[in-house]
There are 8 protein chains.
Amino acid sequence: MTTALPAPNSESVSSDTPLVGIIMGSQSDLKVMTAAAELLRQFGVPYELTLVSAHRTPHRLVEYAETARKRGLRVLIAGGGGAAHLPGMVASFTTLPVIGVPINSATSIHGLDSILSMLQMPAGVPVATVALDGAPNAAVLATQILALSNARLQDALEKYRTSLKDKVMRTIEELRKGGLSDD
Amino acid sequence: MTTALPAPNSESVSSDTPLVGIIMGSQSDLKVMTAAAELLRQFGVPYELTLVSAHRTPHRLVEYAETARKRGLRVLIAGGGGAAHLPGMVASFTTLPVIGVPINSATSIHGLDSILSMLQMPAGVPVATVALDGAPNAAVLATQILALSNARLQDALEKYRTSLKDKVMRTIEELRKGGLSDD
Amino acid sequence: MTTALPAPNSESVSSDTPLVGIIMGSQSDLKVMTAAAELLRQFGVPYELTLVSAHRTPHRLVEYAETARKRGLRVLIAGGGGAAHLPGMVASFTTLPVIGVPINSATSIHGLDSILSMLQMPAGVPVATVALDGAPNAAVLATQILALSNARLQDALEKYRTSLKDKVMRTIEELRKGGLSDD
Amino acid sequence: MTTALPAPNSESVSSDTPLVGIIMGSQSDLKVMTAAAELLRQFGVPYELTLVSAHRTPHRLVEYAETARKRGLRVLIAGGGGAAHLPGMVASFTTLPVIGVPINSATSIHGLDSILSMLQMPAGVPVATVALDGAPNAAVLATQILALSNARLQDALEKYRTSLKDKVMRTIEELRKGGLSDD
Amino acid sequence: MTTALPAPNSESVSSDTPLVGIIMGSQSDLKVMTAAAELLRQFGVPYELTLVSAHRTPHRLVEYAETARKRGLRVLIAGGGGAAHLPGMVASFTTLPVIGVPINSATSIHGLDSILSMLQMPAGVPVATVALDGAPNAAVLATQILALSNARLQDALEKYRTSLKDKVMRTIEELRKGGLSDD
Amino acid sequence: MTTALPAPNSESVSSDTPLVGIIMGSQSDLKVMTAAAELLRQFGVPYELTLVSAHRTPHRLVEYAETARKRGLRVLIAGGGGAAHLPGMVASFTTLPVIGVPINSATSIHGLDSILSMLQMPAGVPVATVALDGAPNAAVLATQILALSNARLQDALEKYRTSLKDKVMRTIEELRKGGLSDD
Amino acid sequence: MTTALPAPNSESVSSDTPLVGIIMGSQSDLKVMTAAAELLRQFGVPYELTLVSAHRTPHRLVEYAETARKRGLRVLIAGGGGAAHLPGMVASFTTLPVIGVPINSATSIHGLDSILSMLQMPAGVPVATVALDGAPNAAVLATQILALSNARLQDALEKYRTSLKDKVMRTIEELRKGGLSDD
Amino acid sequence: MTTALPAPNSESVSSDTPLVGIIMGSQSDLKVMTAAAELLRQFGVPYELTLVSAHRTPHRLVEYAETARKRGLRVLIAGGGGAAHLPGMVASFTTLPVIGVPINSATSIHGLDSILSMLQMPAGVPVATVALDGAPNAAVLATQILALSNARLQDALEKYRTSLKDKVMRTIEELRKGGLSDD
């Protein structure tokens with residue numbers, strides 16, 4: 001798998017074979033799901049992003065899921081709202097790890113419908129569900145999985161964690177200077 | 001469609017081409033779903049009952065849904081629990097009416113997961129969802145649909161309605177005799 | 001039933017006897033429910049749309065439901081919010097298929113009240129419940145039912161499904177051109 | 001109204017015209033609803049108890065609700081589970097106060113369906129909803145309403161309240177004697 | 001009680017002894033609860049409206065509830081949000097009928113907290129709970145209770161019901177004229 | 001406050017002035033709430049345990065809450081189910097810290113009613129709510145509060161924490177010996 | 001502990017050793033949590049306010065919790081949204097009382113996730129959970145705890161309670177003058 | 001990583017360095033979590049299973065999570081009920097993929113508390129949450145992740161999928177023979 005990842009000096013992510021497939025059922029999901037793409041780009045993980053609708057393009061779903069491994073994909077990220085069948089059905093047609101991103105929307109029951117439609121999969125066919133609208137965490141989880149056999153990604157993850165911590169520490173410093181805190 | 005229905009003097013339902021397909025994902029759903037079969041049998045509606053697992057036999061799902069109309073089926077009843085994708089995915093592969101029966105179970109969130117996984121379908125691909133564990137109502141609804149072009153079934157439905165009313169009235173009479181009521 | 005449907009050369013839907021009755025309890029439901037009318041019009045299904053309030057015009061409910069079949073209606077679509085009794089009570093007075101559209105509103109418990117008030121009908125009297133605010137799916141389901149004995153409607157449904165798929169494919173093409181996807 | 005109430009020396013409740021009508025949709029609701037009857041009997045409030053199914057005997061519902069006032073009833077108590085339409089629909093056909101008792105059951109969503117189906121009535125047609133399986137409180141509320149113009153019932157309510165308090169005080173005394181408390 | 005009600009020729013409601021006490025815990029509840037006052041005024045039911053906070057003025061709660069009957073009040077309407085203890089605690093200090101109006105707010109769990117805090121009262125002390133933000137229905141219910149011994153109020157209620165029906169019928173007529181309906 | 005606590009050599013807890021008042025509304029709450037008493041006894045915190053029903057003995061509630069501080073109580077623990085008003089109303093009559101223990105029961109909405117009735121208190125009058133049926137944690141929290149000015153209790157808490165850890169470690173050791181773990 | 005509190009003549013709160021630590025996981029929580037700081041300042045309770053992220057600065061969490069007591073803190077207030085682990089994990093590393101403030105947000109399930117993540121702690125490690133977004137009540141509860149051994153804080157609390165009552169009484173007076181009430 | 005996996009001819013799983021760490025907070029979680037161990041054993045994935053309590057052994061949690069990668073673990077599976085902080089906190093101390101198994105229990109809010117406590121993690125620190133009590137799916141997901149760089153595990157997964165399908169097909173055959181189906 002190491003060879004499939006971009007060489008250290010590669011600047012252009014898009015010339016590489018995608019390792020992560022980001023899919024969603026509808027254009028309206030893009031505003032949530034592009035955050036996953038942005039984070040993967042930041043980590044240097046080649047990805048593809050496209051629409052696969054479980055209910056409007058079910059044959060495309062079957063084909064996408066069944067050819068995913070052969071096309072070089074290693075992890076699939078599937079987002080959806082309402083009766084969100086996309087991640088679970090994709091998982092039925094492949095044994096690649098499938099990460100589900102439940103998406104909230106105007107006609108959703110506060111996201112509970114999409115959460116439960118993804119999470120409550122029967123024994124044998126898991127969907128790794130992340131938080132409501134949690135596309136960034138889907139990207140982190142996909143990278144954590146890929147990093148198990150890729151040292152560069154492991155470095156990228158450690159740096160990302162450090163950057164998260166640093167951002168908190170900077171806010172703490174601002175709070176201290178601003179007199180909001182007494183210590 | 002009329003010819004597909006059993007002739008009025010036919011006693012044997014099973015010799016006819018099934019008009020209703022009752023499917024479910026797991027053997028454990030049988031205890032709920034057989035009630036649909038029993039009621040269809042009572043109405044004289046030829047049916048078939050089998051297992052189709054969206055997650056463990058996804059290709060069978062595709063084939064079942066795509067051939068359903070050609071095999072003479074007119075209405076599909078699909079039951080399931082948890083992340084119940086079966087009715088929604090079947091509906092993606094056919095334009096026959098699909099009735100969903102959400103099923104409660106030990107690891108369900110009080111049935112809310114199966115209800116929302118069926119009900120909250122996106123625009124274009126409806127699932128006619130009935131009550132939790134409501135297999136009998138799925139059979140009644142299927143028969144109401146078939147009865148639109150079959151007078152015998154319409155008669156059967158009216159008699160069924162009358163029998164429901166009669167049962168209530170008999171209980172009322174028992175209550176009256178038993179002295180529980182003062183009027 | 002075939003004769004009740006518009007002749008193939010008929011352009012004007014409104015001159016035909018309605019096959020679908022779309023009803024709702026309040027003027028405020030119109031903003032959701034007109035989507036069902038628009039889709040039926042697109043399918044060429046004659047329909048009527050009016051108000052029937054279970055709680056403010058209960059006698060009208062009884063009359064509407066009891067005369068529906070005689071007036072030529074084949075499927076009823078009833079929308080409502082909160083304690084949404086309209087579809088269930090209509091179903092009590094007729095054996096026509098009744099489709100329920102739960103509607104969300106400002107004083108609703110995120111639509112759970114209207115969903116459960118429609119869905120959880122007792123054995124014998126089903127309501128075919130669709131998604132929250134899912135009026136378009138009610139129209140599709142009604143047309144799927146009518147299409148069982150009408151080839152023209154079956155064609156219309158297939159074209160509709162194709163148009164849904166085509167719209168997804170066009171978005172995919174736009175994504176590809178826009179460089180959002182790497183494949 | 002005073003004359004409709006039993007004279008102070010009347011021992012036999014059943015010979016009086018019922019003031020409260022206790023209704024429910026199904027025989028299975030009896031195990032909850034008889035508690036309302038028992039408490040009304042204890043208060044000396046004449047009542048009737050019978051079955052009225054909104055979905056299986058809808059015409060009986062209309063007749064029951066429309067004739068209730070003329071028959072001397074002053075308050076109606078209606079219990080039900082699931083999509084519990086009985087109290088709301090009865091309230092649509094009468095302006096008598098209607099008290100709703102939501103009932104839990106095996107196929108209920110923990111009683112939320114019956115609670116919301118009763119509680120969330122539209123403006124103009126209230127249902128006075130009490131607690132899940134709260135039939136005793138329906139009886140107390142009905143008696144509180146009747147007691148507004150009946151001094152004997154007011155006395156009975158005060159004695160009931162005192163008995164509730166006395167029962168608590170006796171348990172406190174037992175706790176004290178049993179050494180469970182340190183004071 | 002009849003004498004406490006305004007004489008038929010009385011125009012001024014405010015000169016009469018209030019029969020209904022409308023209370024709430026906070027000024028922010030006024031926007032919901034004034035609808036109850038407006039409807040009572042329309043029915044000609046003398047009322048009072050004030051603040052009683054269960055948590056910030058608990059002694060006022062005790063005094064208000066304990067003196068309510070002596071001051072001539074016949075029905076209490078109590079609104080509140082969140083952990084809404086006002087109606088239940090008022091009901092603990094009086095045997096007058098208490099109607100609870102659960103109120104939604106920014107920090108509420110979609111109103112479920114206020115609904116359940118009012119509805120789920122223990123046996124012996126009922127709160128007649130109406131819909132979320134359902135202040136108008138509290139007024140109707142209070143009037144239905146008072147109308148049991150007041151013919152003028154009964155007339156007012158019947159006219160109100162007719163006006164509700166007429167409003168629906170006028171909307172139906174507008175729909176018919178507007179061409180939205182095909183019949 | 002130090003003097004109110006038992007002297008180090010005191011064996012008998014019950015001879016001391018109670019520092020913690022454990023109250024509940026009904027005898028049926030005892031099976032949950034005695035766990036708080038047992039843990040306080042183990043910590044050597046003098047307590048009293050009794051019944052105070054918000055709805056059946058409201059005057060006792062007022063008196064209990066208003067005299068609590070003078071009688072030497074420092075923390076109150078109040079348990080209840082359903083519309084659990086006890087902790088919130090007690091908190092309205094005292095400024096002592098009040099800990100609420102929501103209790104599940106047969107007619108509860110899975111405990112959500114009692115949780116929300118306690119938790120969602122308005123600004124100014126907090127209830128320190130612990131887990132559903134979490135009486136032991138109420139005792140620990142009360143002791144943590146008292147321990148702020150009592151070194152012996154602080155020692156007892158540290159030992160309790162150690163005992164919790166030790167129990168986990170012993171189970172780990174058993175797992176290791178039993179061969180369930182591979183390390 | 002008395003010496004740790006500001007001397008009566010001290011005007012400057014910030015020069016004193018903080019007794020309450022207010023922590024939260026993210027800058028976005030500040031808009032809710034500063035209300036706790038403001039109220040503590042009003043009560044004259046020295047506090048500190050800073051960020052501690054359970055997930056992004058977990059080592060800081062351990063250090064903060066383990067050194068809290070030694071640094072003079074007596075009560076910790078921890079706010080958070082979503083999977084809000086901060087108060088529970090802080091409670092695992094200290095035996096100081098920990099108050100949890102669940103915070104609602106755009107991707108929260110109406111705050112239920114943060115409420116349940118704080119409230120449902122296992123036996124032995126309590127979190128004193130207050131209302132959703134209830135930072136002011138966290139400050140009141142912290143002060144109630146500190147006031148057990150500090151007479152000045154007890155006075156401040158009593159005055160605060162009086163001010164809450166006075167505000168209600170002033171609104172009542174305005175209502176009376178404004179003619180909204182009839183009494 | 002390939003070398004860390006058992007050689008093809010290895011029969012004894014336990015002699016290998018564990019690749020998956022299965023942890024849980026309490027002995028009572030074992031009845032759910034051992035299903036993950038059994039499935040990993042069946043797949044031939046070396047694992048360890050032990051207790052790590054976030055709240056009772058927090059230092060052990062830190063140590064376990066921080067040393068996991070160095071000890072050779074590649075995926076962590078963490079189960080828990082109620083306020084289930086274990087998977088999220090472990091994920092804060094490592095960048096290994098962490099799979100969360102929410103566990104239902106007697107004092108849980110139907111598992112919603114444990115689901116939301118795991119799922120709703122903030123951006124940056126994902127937990128791959130599976131179904132309620134879904135320990136087998138945690139094992140499948142862990143194996144899917146490991147199989148990305150291990151052909152033998154990929155084979156094992158494919159065989160497992162086939163076995164799931166075969167079981168469904170056998171049940172279908174039994175149904176057919178038993179006459180339950182009419183086709």
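Just so we're clear, the structure is a prediction, and the values are computed from it rather than from any experiment. (Residues numbered from 1 in each chain as written. Chains lettered and ligands numbered in written order. Predicted model: local features only at pLDDT ≥ 70, side-chain atom pairs only at ≥ 80, totals over all residues. Heavy atoms only, no water.)

## With respect to the overall build of chain A
Inference 1: Of the regular secondary structure elements, chain A holds six helices and five strands.
Inference 2: In sequence order, the secondary structure elements of chain A are arranged as β-α-β-α-β-α-β-α-β-α-α.
Inference 3: Per-residue burial for chain A yields a buried fraction of 69% across its 183 residues.
Inference 4: Put simply, of all contacts in chain A between residues at least 6 apart along the chain, 67% involve residues at least 24 apart.
Inference 5: In the form shown here, chain A has an accessible surface area of approximately 5900 Å², with 52% of it arising from carbon and sulfur atoms. (Helix = DSSP H or I, 4+ residues; strand = E, 2+ residues; numbered from the N terminus. Buried < 20%, exposed > 50% of the residue type's maximum accessible area, 1.4 Å probe, protein only. Contact = heavy atoms within 4.5 Å. Areas by Shrake-Rupley, 256 points an atom, 1.4 Å probe, with all protein chains shown as cover.)

## Re the UniProt feature "domain: PurE" (unreviewed entry) in chain A
Inference 1: The residues that UniProt annotates with the feature "domain: PurE" (unreviewed entry) are residues 18-168 of chain A.
Inference 2: Span residues 18-168 of chain A is 46% helix and 17% strand, its end C-alpha atoms 32 Å apart. (UniProt positions renumbered as here; feature names shortened; annotations may be inferred.)

## Brief notes about the interface of chain A and chain C
Inference 1: Listed as interface residues are 16 residues of chain A and, on the opposing side, 17 residues of chain C.
Inference 2: Carbon and sulfur atoms make up 63% of the surface buried where chain A meets chain C, a total of about 1700 Å² over both sides.
Inference 3: Inspection of the chain A/chain C interface yields zero salt bridges.
Inference 4: For the pair chain A and chain C, the number of links is two residue pairs in polar contact (both at pLDDT 80 or more).
Inference 5: With five residues, strand S2 (residues 47-51) of chain A is the largest single contributor of residues to the side of chain A that touches chain C. (Buried area = accessible area lost by both parts, 1.4 Å probe. Salt bridge = Lys/Arg side-chain N within 4 Å of Asp/Glu carboxyl O. Polar contact = N/O pair within 3.5 Å; in protein donor to acceptor, adjacent residues only side chain to side chain.)

## A few points about the pairing of strand S2 (residues 47-51) of chain B
All names here are of chain B.
Inference 1: Of all five residues in S2, five are buried, a share of seventy percent or more.
Inference 2: Burial of S2 is two-sided: the residues Tyr47, Leu49 and Leu51 facing one way and the residues Glu48 and Thr50 facing the other way are all buried.
Inference 3: One ladder, built from five bridges, connects strand S1 (residues 20-24) with S2; its direction is parallel. For Met24, the partnering residue across the bridge sits in S2 and is Leu51.
Inference 4: Taken together, S1, helix H1 (residues 30-43) and S2 form a β-α-β motif whose crossover is right-handed. (Pairing = 2+ DSSP bridges. Right-handed = clockwise from strand over helix to strand, strands pointing away.)

## Re the interface of chain B and chain C
Inference 1: Contacts between chain B and chain C engage 39 residues on the former and 40 residues on the latter.
Inference 2: Carbon and sulfur atoms make up 61% of the surface buried where chain B meets chain C, a total of about 3300 Å² over both sides.
Inference 3: The largest share of the area that chain B buries against chain C comes from Thr95, Leu148 and Arg161 of chain B, three residues that together contribute 21% of it.
Inference 4: There are zero salt bridges connecting chain B and chain C.
Inference 5: Linking chain B with chain C are 25 residue pairs in polar contact (both at pLDDT 80 or more).
Inference 6: Contributions of two or more residues to the side of chain B that touches chain C are made by helix H3 (86-92), helix H4 (112-119), strand S5 (128-129), helix H5 (135-147) and helix H6 (151-177) of chain B.

## Overview of the pattern of salt bridges
Inference 1: Under the defined criterion, the tally for this structure stands at 16 salt bridges over all chains.
Inference 2: The partner of Arg176 of chain G in a salt bridge is Glu173 of chain G, with the nearest N and O atoms 3.7 Å apart. Within this pair, Arg176 of chain G and its partner Glu173 of chain G are both found in helix H6 (residues 151-178), separated by three residues, close to a single helical turn.
Inference 3: The shortest N-O distance in the salt bridge between Glu48 of chain H and Arg71 of chain H comes to 3.0 Å. Here Arg71 of chain H lies in the loop between helix H2 (58-67) and strand S3 (75-81) and Glu48 of chain H lies in strand S2 (residues 47-51), a separation of 23 residues in the sequence.
Inference 4: Since its relative accessible area comes to 34%, Arg71 of chain H is described here as partly exposed.

## What to know about H4 of chain B
Inference 1: Within H4 of chain B, eight of the eight residues are buried, which leaves it mostly tucked inside the rest of the structure.
Inference 2: Restricting attention to buried positions, one finds in H4 of chain B the residues Leu112, Asp113, Ser114, Ile115, Leu116, Ser117, Met118 and Leu119 of chain B.

## Observations regarding the UniProt feature "binding site: substrate" (unreviewed entry) in chain A
Residues and elements named next belong to chain A.
Inference 1: UniProt records the feature "binding site: substrate" (unreviewed entry) at Ser26, Asp29 and Arg56, using the numbering of this structure.
Inference 2: Here Ser26 shows up in the loop between strand S1 (20-24) and helix H1 (30-43).
Inference 3: Judged by relative accessible area, Ser26 falls into the buried class, the value being 19%.
Inference 4: What Ser26 contacts, discounting residues up to four positions off in sequence, is Leu51 and Arg56.
Inference 5: For Ser26, the side chain forms a polar contact with the side chain of Ser28, separated by 2.7 Å.
Inference 6: Residue position: Arg56 is located in the loop between S2 and helix H2 (58-67).
Inference 7: Classification of Arg56 by relative accessible area gives buried; the value is 19%.
Inference 8: Separated by 2.9 Å, the side chain of Arg56 and the backbone oxygen of Gly25 make a polar contact.

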